Amino acid sequence: MKRYTPDEIKEFLIAIDRNLSTKAKLVVIGGTAAALGYQFSNATQDIDTANSVKDLEAAIKKAKLETGYEIPVGTAGVYDAPHDFEDRLLSYEAASFVRLEVLYPEAIDLILMKAMRCEEHDLQAIEQIVKSQGVDA
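Source: prediction; values computed, not measured.

**Things to note about the sheet that holds strand 1 (residues 24-29)**
Strands in a sheet are paired, the pairing made by backbone hydrogen bonds, and the direction either parallel or antiparallel.
Right, so step 1: As summarised here, the arrangement of the 5 strands in space is 3-2-1-5-4, forming an open sheet in which the pairing is mixed. The strands lining the two open edges of the sheet, one partner per strand, are strand 3 (73-75) and strand 4 (90-91).
Right, so step 2: In the sheet, strand 1 pairs with strand 2 (residues 47-49) via 2 bridges, with the strands oriented antiparallel. Opposite Val28, over in strand 2, you have Thr49 as the bridge partner.
Right, so step 3: Along the sheet, helix 1 (residues 6-18) makes contact with strand 1, strand 2, strand 3 and strand 5 (100-104), crossing strand 5 at roughly 140 degrees.

**Some details on the pairing of strand 1**
Right, so step 1: Here strand 1 lies mainly inside the structure; 5 of its 6 residues are buried.
Right, so step 2: Of the pairings in the sheet, the one linking strand 1 to strand 5 comprises 4 bridges and is parallel in character. When the bridges of strand 5 are listed, Val27 appears paired with Leu103.

Rules and cut-offs
Residues numbered from 1 in each chain as written. Predicted model: local features only at pLDDT ≥ 70, side-chain atom pairs only at ≥ 80, totals over all residues. Heavy atoms only, no water. Pairing = 2+ DSSP bridges. Helix = DSSP H or I, 4+ residues; strand = E, 2+ residues; numbered from the N terminus. Contact = heavy atoms within 4.5 Å. Axes fitted to C-alpha atoms, helices over the stretch in contact; angles between N-to-C directions. Buried < 20%, exposed > 50% of the residue type's maximum accessible area, 1.4 Å probe, protein only.

Listed below in structure tokens is the structure:
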């Protein structure tokens, strides 16, 4: 499966925003959250979300056609997150979205989420988040 860079993900999200007719929210988790929120440079295969993307389906299809990126976007079937992590979500402001609101977990919450899977790329993401945010044990 192809892996997508943070720049490609950002371009794809901008295309989704451009194709929305109403306001929508996307709560990204996993590698996408690490890439957008914490400069994790490793590519990711998909955009996992903690919320439904049903209202975004048409815009996602159009974004795939516009960008040529076949990035799978969907609600994660299973994910572990700290209690009330939704109360600490941060807004992704690096792109000038008109209708799309992109949110991601704050550093400690994302570290805990990545630690639950603890695969090699998860450990790499944790290391980058710790470095970029100055997290101290």
